Amino acid sequence: MTFPRLSTFMTSLLFCGLLFGSEPASAQPSNDASRSERKERLRNLKQSFKSIETQAANANTEESVYVNATSGRDTDACGTQTRPCLTITQGLKRAREIQTESKTTDIKLINIEIAAGIYAESVAVKLSWIRLRGAGAGVSMIQSPGGPAVLVSSAQPVFFEGLTMSSLNSTGLGAINDTFIGVSGCEFRDSRTGIALFTQSSAEVTSSTFSNNNNSVVAVASSTALLFDSVITGKSTNQGSGVIIGDGGMGELENVSISQTRTGVAVYPNATLFTFGGLNISNNRIGCFVAGSSYLELSDSTVSNNSSVGVLLDLGSSAGMFSMTLNNNGTAISVNGNSYVDIGNSEVKFNNLGIGFDLFGKGVLRQVDVSNNTSNTQTSRGGEFFAEP
């Protein structure tokens with residue numbers, strides 16, 4: 001996937017230093033209020049997630065339906081430990097019957113207990129308060145022969161634990177229609193997209209791995225992706241993205257490693273991504289690409305060894321970078337097309353170019369060590385920046 005211009009991407013689904021004596025008015029961000037509103041929205045959404053997770057942990061009633069790809073049989077009476085269902089689809093049918101027959105008005109959490117084995121099916125989840133629980137990633141595997149391995153729609157919440165999900169020609173796990181999914185200890189591999197979120201859906205993903213997907217995590221159409229303590233390894237530096245937040249979507253990353261992609265993180269258009277430490281974006285072609293009135297905030301993280309650009313801002317985007325290390329990239333930071341960057345307390349070293357400002361790209365550097373680069377800073381075609389000591 002290439003990013004010469006935002007319009008190109010959307011139709012198919014990206015310097016001599018100048019130091020001002022005082023910060024120029026043209027180098028001021030214009031969307032602080034919008035970023036504050038987005039951060040508040042994200043905060044409220046995370047509180048909702050915690051409430052849902054607490055309700056699931058404290059469910060007054062909880063039952064299990066058992067599935068076994070080796071010893072199970074799909075019958076009307078299947079689902080017990082001694083008579084498991086053969087397929088996850090049949091297990092969900094039994095869960096629907098249990099929920100329909102239930103007399104309680106309390107939360108009734110149904111666990112689909114998925115034994116070790118390969119489940120060659122495309123699973124549709126339309127029930128709420130369901131947990132698909134495997135015997136471990138790489139042990140219980142849903143491998144779709146066509147279509148998404150799992151698609152959740154019109155249901156919330158749905159939880160996934162200890163599973164591998166893959167679909168060579170589609171999505172490992174998809175969510176649509178204002179759905180919330182919680183994912184823990186799962187693996188997504190060998191798919192066109194690992195996790196795909198659409199139409200105001202949300203996911204909280206923890207302690208999971210992504211490997212050999214074209215794109216690993218995609219959140220668009222006002223959807224939200226929260227990703228913690230996870231590892232993304234792409235196919236190659238010539239293909240795909242680690243995380244895509246677009247079309248009004250939001251995201252948060254913390255303690256996440258992203259490598260071997262064409263673009264580690266892509267944020268556009270009108271999208272927002274916050275990071276809160278422990279992010280390591282290394283050995284990609286482009287570390288982060290931000291465009292189309294989008295905002296990226298990076299803090300306490302590392303962007304290194306990306307062959308082309310560490311962080312590329314274009315088409316009126318903006319970024320805040322605080323306590324960052326950006327070393328050994330082609331260009332560490334490139335600010336283009338009326339974009340803006342605010343960098344504080346960071347290190348930019350050992351790159352071919354430290355920071356470049358082009359086509360009216362602006363920036364403010366506050367206590368930033370830009371040194372030992374082949375060229376430290378460049379400005380061209382209206383690009384400018386202000387640096388504080």
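None of these values were measured; they are calculated from a predicted model. (Residues numbered from 1 in each chain as written. Predicted model: local features only at pLDDT ≥ 70, side-chain atom pairs only at ≥ 80, totals over all residues. Heavy atoms only, no water.)

What about the sheet that holds strand β29 (residues 331-335)?
Here is step 1 of the chain: Reading across from one edge, β4-β7-β10-β13-β16-β18-β20-β23-β26-β29-β31-β33 is the order of the 12 strands in this open sheet, with parallel pairing throughout. Only two strands of the sheet have a single neighbouring strand rather than two, namely β4 (123-125) and β33 (375-380). Strand-to-strand twist across the sheet, computed as the mean angle between neighbouring axes with direction ignored, equals 5°.
Here is step 2 of the chain: For strand β31 (residues 353-358) and β33, the ladder comprises five bridges, and the chain directions are parallel. What sits directly across from Gly 356, in β33, is Gln 378. (Pairing = 2+ DSSP bridges. Helix = DSSP H or I, 4+ residues; strand = E, 2+ residues; numbered from the N terminus. Axes fitted to C-alpha atoms, helices over the stretch in contact; angles between N-to-C directions.)

Quick look at the environment of Gly 344
Here is step 1 of the chain: Considering the arrangement of structural elements, one finds Gly 344 in strand β30 (residues 340-349).
Here is step 2 of the chain: Gly 344 sits in the buried class, given a relative accessible area of 10%.
Here is step 3 of the chain: Ignoring any residue separated from it by four or fewer positions in sequence, one finds Gly 344 in contact with Met 321, Phe 322, Ser 323, Arg 366, Gln 367 and Val 368. (Buried < 20%, exposed > 50% of the residue type's maximum accessible area, 1.4 Å probe, protein only. Contact = heavy atoms within 4.5 Å.)

A closer look at the pattern of salt bridges
Here is step 1 of the chain: For the coordinates displayed, the defined rule picks out 15 salt bridges.
Here is step 2 of the chain: The closest approach of N and O atoms between Arg 381 and Asp 358, which form a salt bridge, is 2.5 Å. Remark: Asp 358 occurs in strand β31 and Arg 381 occurs in the loop between β33 and β34 (384-388); sequence separation between them is 23 residues.
Here is step 3 of the chain: The shortest N-O distance in the salt bridge between Arg 366 and Glu 388 comes to 3.3 Å. Taken together, the residues span a long stretch of sequence, with Arg 366 in strand β32 (residues 362-371) and Glu 388 in strand β34 at a distance of 22 residues.
Here is step 4 of the chain: Sharing partners across several salt bridges, the network here consists of Glu 62, Arg 131 and Glu 161. (Salt bridge = Lys/Arg side-chain N within 4 Å of Asp/Glu carboxyl O.)

Regarding the pairing of strand β8 (residues 158-161)
Here is step 1 of the chain: Bridging between strand β5 (residues 130-134) and β8 involves four bridges; their strand directions are parallel. When the sheet's bridge partners are listed, Ile 130 is paired in β8 with Val 158.
Here is step 2 of the chain: Summarising the sheet, β8 and strand β11 (residues 180-184) pair through four bridges and their orientation is parallel. Bridge pairing in β11 links Val 158 to Ile 181.

A few points about the nonpolar core
Here is step 1 of the chain: Ile 88, Ile 112, Leu 132, Phe 160, Met 165, Leu 173 and Ile 181 are the most contacted members of the largest nonpolar core, which has 76 residues in total.
Here is step 2 of the chain: At four residues, the largest contribution of residues to this core is made by helix α3 (residues 88-101).
Here is step 3 of the chain: By size, the runner-up hydrophobic cluster in this structure holds 14 residues, among which are Ala 56, Phe 180, Met 250 and Tyr 295. (Core = buried A, V, L, I, M, F, W, Y, C linked by side-chain atoms within 4.5 Å.)

Some details on the state of the cysteines
Here is step 1 of the chain: Evaluated as defined, the whole model comprises one disulfide.
Here is step 2 of the chain: Disulfide pairing places Cys 78 opposite Cys 85 at an S-S distance of 2.0 Å. Given an S-S torsion of about 85°, the disulfide between Cys 78 and Cys 85 has right-handed geometry.
Here is step 3 of the chain: A relative accessible area of 0% places Cys 85 in the buried class. (Disulfide = S-S within 2.5 Å.)

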